[in-house]
Every structure is written in C-alpha cells, then in structure tokens.
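Summary of the model geometry
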Amino acid sequence: MKKTRLAFGILFGSLLMSGCALNKMIKLANDQQLEVTPNPLELHADKVEFEMSAILPPKMLPGGTSYSLKTFYQYGTNEAELGTVEFKAGDFPNSSSTTSRKSQTFSFAYDPAMAKGDVMIQGVAAKGAKNKTTEKMKVAEGVITTSLMVEDIVAASYADHGYNDKEELEPTNVEFFFEQGRSVLRTSEKNSDRGKDFTAFVADRNVTRTVTITGTHSPEGTETINSDLSQDRAEAIEKWYRDMMAKYDYKGMADEIKFVLKPVVQDWTQFKTMLNGFDGVSSDEKTAMLAVVNGTGTFEEKEKALQKLSGYKKVFDKIYPVLRTAKTEVLTVKVKRPNPEIAVLAKQIGEGGISADSLSNAELLFGATLTPSLSEKEAIYKAAIKKQDTWVSHNNLGAVYLQMAAAASGADVKKNVDLALTQLEIANKQKANTPEVLVNMATVYMLQGDNTKAYDVAGTVSGATGDALRKLNTLKGTLEVKTAQYDKALMSFAGADNSAEVSFNRGLALVLKKEFSNAKTAFKDATDKDSSYAKAFYGLAIVGARTSNATEVTNGLKSAIAEDSSLKEKALTDLEFRNYADAVRSL
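Comments concerning the overall build of the protein chain
Helix and strand content of the protein chain: 25 helices and 14 strands. Along the first, second and third principal axes, the C-alpha set of the protein chain runs to 145 × 65 × 45 Å. Nonlocal contacts in the protein chain, meaning residues at least 24 apart in sequence, comprise 66% of its contacts between residues at least 6 apart. When the accessible surface of the protein chain is split by element, carbon and sulfur atoms take 50% of a total near 29500 Å². Computed over 73 positive and 75 negative side-chain charges, the separation of the two mean positions in the protein chain equals 8 Å.

This is how it looks when you write it as structure tokens:
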C-alpha cells in the first residue's frame, strides 16, 4: 500500500510540474513575435505563398517540451489547415537564455472565396501526452489578387492572304539583232514578229517605270575595235522607243520613264554561257575555247587565238550573231483593281450577290481585310472556303471567331470559342503546325481557362515571323504573367504587339515583380495609347499605394472610376488600398 501511494505521489507531482511548465509556456507565448511576409498575402499564378517567422522568448522551451504554431486560413465559415511550425526543446539547447527562431514557408491553392479572409495561428505547448493551447490569433489579413487583373489579350493571328496591293512591276523583254560592226536598227528587225509585238506593247501606253537597254557586241575584231558600238546599239533602241512614244501620244508619261543604257564592252560572260549550251561543237573543242577565254591576254588576243581552233567557224556562224544585240527590258506597272473595288466585290460575294469568280482567291481573302466588320469578314471567309478550301481561309475564319469571342459576353463567348476551335482544327489538318494556326489554337485554350495547355501549344510554334511572331509573343507574355513567370513575360512583351493591352500587362508584371518605377512607365504608356483605359489608371493607383504616394492613389482612382464606375466598388475592398480607405470612400 505504501508503494502504491508513493508511485501515485510521484505521478501526481510529475503531472503537477508538467502542468505548471505548460501554463508558463502559454503565458510566455504572449511575448512571441510572429511575422508574415507578405502581409496581406498575395496571389501569384493559382496559389498563395507566404513565409512566417516566429521568435519565442527565452525560457519558453523547458526540457522535454515542444511548442507548435498551427496555421490556418479562415474565410467565411471555412477554414483551411496550412501546416505547423514546430519548436522542439532539444533543437534549441540555449532556449533558457536566448530567443528561439524559426521560419517556414506555406502555400495553398487559391479559391475566389478566399479573397477575404485571415491567416490564423494557434499555439500548442506540449510535454509528453499533455498539452495546452493558446487562443487563435490573426497574423495576416486576406489576399491581394492584383495578379488576376491580367488582360486576356486575344492575339488573333491571320495568315497572309497572298495578295499584294502595292505597286508591282512586270518585266517585258525583247532582243534586237544588229549586223556585224553596225549599230543601225534595221527595218527588218522592226517589222519582225518581235518588233511588231514590241510596237503593240508600246502602243498600249502601259504605265512604265524604267526601260533598261543592254547593248552588246561579239568578240571578233570588227566589233571590238569600235568601243562605242555597244553604246550606239543601246541608243538606237532608245531612239526608236522614244519615237514610238511620241507617235502614240505618251505626253507627260514619257517624262516619268527612266531610260537606263548599259553598254557591255569586251565581256566574255555571255559568250561562255552560250558556248556551254551550244551542241554544234564537241566537248573537247569547248574545253579548248574556254581555256583560251579564261587564260591570259587581251580581249583581241584571245579572239585571234579562238580563230585558230577547231570549231571556231561554227561558233562564229551560230553564236556571234546572237551577241550583236541590244537587249531591252521594260518594267511596267501591273494593272490591279483599286482596293475600294475589291472591298465592294468581296462584300457582295460574301452576301451571295455575285459569283465568287468575280475575284481571285487572293483578292477575296484580301477583301476580308478591308472591312472592320467581323460579321462581314466571317461571310467573306466562308465564301472563300467554298471557292477554294484552304488552310488560310479556315485559319482566318477561326481568327474572326476569336475576335468575336473577345467582344462577346456570357454564353456567346463559349459559342465563338468553340466555332474558332472547329475551324482551326480543320486548318491544322490541312497544313499542320503553321505558326498562325498554333497561335490561334493556344489562344482558344487560354480562353477556355487551360493556361497550361495554351502555353504548351505556344511553345511548339517555330518559324513565326512578322505579325505571327508578334502575336505569339503577345500570347506567351500574357500566359507568363498568368503563371507568375514575370521575367519571361517581360522578354516576350519586348517582341509583342505595340498595344495598350500589352503595355498594361507589362506594367502588371512589373508591379508583381515590385519594380514600381518601371511599372508606372508601362501603365502611363497604356493610357497614352488609350486615354479611356480604366484598368491602366487603376494600375497607376496601385503603384501609388505601394510607393506610399497618396496623390497618385487619388488621381489614379479618380481617372479609373471616371472611365468605369464599377472600379470604385473594387477599390473599396481591394487590400492594395487598405491604408487609403477614407480617400477611396470619398471619391
């Protein structure tokens, strides 16, 4: 019986001492220092991450004890357990005389219902099987959701229509032949089929930019001794051309035509070209002749050496006469329909009023670009598909539906996104992995909320240039802001569209990187490009709040609310402006 009483007494004393230790720990917990960074919490991508550092006062961890900080996020009637910071006395041997420090990172997946809430902690002092808890305590407030302001920029990428509406020049080429050693353009040459066709061409009074005449000579002595022969032959053609312009009443048009004369003197280039294609001599004879031409000596010495070679007579009879020419190239302006005419015809084709054959396929696709109306573009691209079923037509119709989705609301957004995807899948089957189609498909996935798939598809794009590359960079930058890859986003935006929306998303990335001066510049750039851009003014107010500039907060919000009154309600609950609540209410 005495032993039982003694054991009970020891147990009771131990429990009493344990209870006293825990009570003391709970009391000392009032002096603990807790810091949450950032506070308020911030949303980046789809999660909230923060660090909590805890400093316990001396003597709070007596031997054999532990102290834990259970961490929660309370929002509405819900509570999410985030984890525990645990201090074990054995890990802090000097805790009786010094503070005990520990930091831990927490994260949780974000839900929109979590925007308003608090980070709570509850201390738990424990020794053996016994424990005591502190009251729950708030250590951080809510979640800043500025990252959700990123613009879903619909970077609709149109494939090239294949039509050039700029001035194009068409070449017309003709050769006139001269007698040996002479520069007189014979009547027989003017009356030849070539001459008659050329005369008819000039008579049509085509809009002409340049006339290039290259006068040449053959290698024999009677040709080469006259150094002016090539020039004279070119001038003979020019004179005839000018006489015809006068005859056919070119008037002021003649002054707009530039004549370029190119006399070719002592040049073996054309001779060698013709010899290589000439089958009137053997390969050995060709080799011997080329050896002379490519060897040393003057032009005349080489020609005399050629005269001694087998096969020269055939070359003289067949090749030399062709070298006594004046080659004429006339660059005239290609006749095209005026753009307004194409626009009208394309619209009529889209409406079914006239035959699709009224325009070429390239003209029809180009006509779609001449109207700002998305419904007219849709009709024209549908007509283009019926006329000539190409990946370009399907891709561009898909791009139209993307733009329609961007301008729509409610169920119409999904409707147009689905229509776009159908067209893009057809385009991708007809021609796989084209940059324009892949950029548009990635945009579809972004609008469907699948940012990961969108970014993966964008990453497969290769060979993009021009507008397609700018659209790709616009899309990638937008997705990189959404996924908290801010440095990558800034690099992408450097090669993106020069739009107000891109400037805004760039500013947002800089805010989230805490580069406030550069963010301010980007937001101002957005408002310079679009003076009614409410979100950009709101962004300037955020920069003001984060840099403790009350004037910029007020001015930014005033401008934002003037353009979009709903932003006042947002600002009233936005933790970005928690220190400016009175100023916001007064707006």
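Regarding the sheet that holds strand β12 (residues 208-215)
Ordered in space as β11-β14-β12-β13, the four strands form an open sheet in which the pairing is mixed. Strand pairing shows two members of the sheet lacking a second neighbour, β11 (169-177) and β13 (258-263), which therefore form its edges. The average angle at which neighbouring strand axes cross in this sheet is 15°, direction not considered. With six bridges joining them, β12 and β13 adopt parallel strand pairing. The residue of β13 that forms the bridge with T212 is V260. Of the strands in this sheet, β11 and β14 (325-333) are in contact with helix α3 (residues 193-203), which crosses β11 at around 145°.

Here's the deal with the pattern of salt bridges
All told, the structure shown has 33 salt bridges when counted by the stated rule. Where D152 meets K482, a salt bridge forms, and the shortest distance between an N and an O atom there is 2.7 Å. Highlighted residues: D152 in the loop between β10 (143-144) and β11 and K482 in helix α18 (residues 466-482), separated in sequence by 330 residues. Between D243 and K239 there is a salt bridge, and its shortest N-O distance comes to 3.1 Å. Highlighted residues: D243 and K239, both in helix α5 (residues 229-247), separated by four residues, approximately one helical turn. Assessed through its relative accessible area of 54%, K239 is described here as exposed.

Observations regarding the nonpolar core
Nonpolar side chains tend toward joint burial in soluble globular proteins. Among the nonpolar cores identified, the biggest contains 50 residues, and L359, L364, V444, Y445 and L475 are the most heavily contacted of them. Elements with a minimum of two residues in this core: α11 (339-351), α12 (361-369), α13 (374-387), α14 (391-407), α15 (411-430), α16 (435-447), α17 (451-458) and α18. At nine residues, α14 tops the list of elements feeding residues into this core. With residues up to four places along the chain from it excluded, the contact list for L475 reads A155, V439, A442, T443, M446 and A458. Membership of the second largest hydrophobic core comes to 40 residues, among which are I153, L512, I542 and F577.

Side note on the pairing of β12
The buried fraction of β12 amounts to six of the eight residues, a majority that puts the element mostly inside the structure. Sheet topology places β12 next to β14; seven bridges connect them, and they run antiparallel. Considered in β14, the bridge of T212 is made with E329.

Notes on the pairing of strand β8 (residues 130-133)
Sheet topology note: the strand β7 (residues 118-127)/β8 ladder contains four bridges and is antiparallel. When the sheet's bridge partners are listed, A125 is paired in β8 with K132. In this antiparallel pair of consecutive strands, β7 and β8, the connection spans two residues, and G128 shows a positive phi of 65°.

Points about the packing of aromatic side chains
Throughout the structure, instances matching the rule amount to 18 aromatic pairs. On the basis of an interplanar angle of 45° and a centroid distance of 5.5 Å, the ring pair of F504 and F523 is categorised as tilted. Residue F504 is found in helix α20 (residues 500-512), and its partner F523 is found in helix α21 (residues 516-529); the two are separated by 19 residues along the sequence. Each of the two residues, F504 as well as F523, counts as buried. Over the aromatic face of F72 sits the side chain of K136, whose NZ or CZ is 4.5 Å from the ring centroid.

With respect to the packing of α3 against α5
Running from amino to carboxyl end, α3 crosses α5 at an angle of 45°, the nearest separation of the two axes being 10 Å. In terms of axis orientation, α3 runs oblique to α5. α5 is crossed by α3, and the crossing has right-handed handedness. Where α3 abuts α5, its residues G195, F198, T199, F201 and V202 lie against W240, Y241, M244 and M245. When its residues are assigned to classes, the contact of α3 with α5 shows seven nonpolar, two polar and no charged.

Quick word on helix α23 (residues 550-563)
Taking 1.5 Å as the rise per residue, α23 with 14 residues should run 20 Å; its terminal C-alpha atoms sit 20 Å apart, in good agreement. Along α23, the residues classified as buried are V553, G556, L557, A560 and I561. Looking straight down α23, one finds that the buried residues subtend no more than 125° of arc, so they occupy a single side. Exposed residues on α23 whose side chains face more than 90 degrees from its buried face are T551, K558 and A562. Those residues of α23 that are buried are in contact with α22 (534-546), α24 (566-573) and α25 (581-585). Capping the start of α23 is the job of one residue whose side-chain oxygen sits 3.2 Å from the backbone nitrogen of T551: N549.

Topic: unusual backbone geometry
For the bond from T37 to P38, the omega torsion is -5°, close enough to zero to count as cis. On the secondary structure map, P38 appears in the loop between β1 (33-37) and β2 (41-44). Here the phi dihedral of A45 falls at roughly 60°; this positive angle occurs in a residue that is not glycine. Along the polypeptide, A45 turns up in the loop between β2 and β3 (47-56). In this structure, N433 is a non-glycine residue whose phi angle is positive, near 65°. Structurally, the position occupied by N433 is in the loop between α15 and α16. Take N433: its relative accessible area is 53%, and that puts it in the exposed class.

A few points about the packing of α14 against α16
The geometry of α14 relative to α16 is characterised by a closest axis approach of 10 Å and an angle of 30° between their N-to-C directions. One element, α14, and the other, α16, form an angle in the roughly parallel class. At the point where α14 passes α16, the crossing takes the left-handed sense. For the pair formed by α14 and α16, the contact residues are W391, N395, A399, L402 and A405 on the first element and E436, V437, N440, T443, V444 and L447 on the second. A class-by-class count of the residues in the contact of α14 with α16 yields seven nonpolar, three polar and one charged.

Some points on the confidence of the model for the protein chain
Parts of the prediction with low pLDDT should not have their coordinates interpreted in detail. Overall, the predicted model of the protein chain reaches an average pLDDT of 91, with 95% of residues at or above 70. Predicted confidence is poor over residues 1-17, with pLDDT under 50, and the contacts of this stretch with residues over four places away or in other chains come to one contact.

What counts and what doesn't
- Residues numbered from 1 in each chain as written.
- Predicted model: local features only at pLDDT ≥ 70, side-chain atom pairs only at ≥ 80, totals over all residues.
- Heavy atoms only, no water.
- Helix = DSSP H or I, 4+ residues; strand = E, 2+ residues; numbered from the N terminus.
- Contact = heavy atoms within 4.5 Å.
- Areas by Shrake-Rupley, 256 points an atom, 1.4 Å probe, with all protein chains shown as cover.
- Lys, Arg positive; Asp, Glu negative; His and termini not counted.
- Charge placed at Lys NZ, Arg CZ, Asp CG, Glu CD.
- Pairing = 2+ DSSP bridges.
- Axes fitted to C-alpha atoms, helices over the stretch in contact; angles between N-to-C directions.
- Salt bridge = Lys/Arg side-chain N within 4 Å of Asp/Glu carboxyl O.
- Buried < 20%, exposed > 50% of the residue type's maximum accessible area, 1.4 Å probe, protein only.
- Core = buried A, V, L, I, M, F, W, Y, C linked by side-chain atoms within 4.5 Å.
- Phe/Tyr/Trp six-rings, centres within 6.5 Å; stacked < 30°, edge-to-face > 60°.
- Lys NZ or Arg CZ within 6 Å of the ring centre and 35° of its normal.
- Parallel < 35°, antiparallel > 145°, perpendicular 65-115°, else oblique.
- Left-handed = near helix turned anticlockwise from the far one by under 90°.
- Nonpolar A, V, L, I, M, F, W, Y, C, P; charged D, E, K, R; others polar.
- Expected span 1.5 Å × (residues − 1).
- Arc of directions from axis to C-beta.
- Polar contact = N/O pair within 3.5 Å; in protein donor to acceptor, adjacent residues only side chain to side chain.
- pLDDT = per-residue confidence, 0-100.

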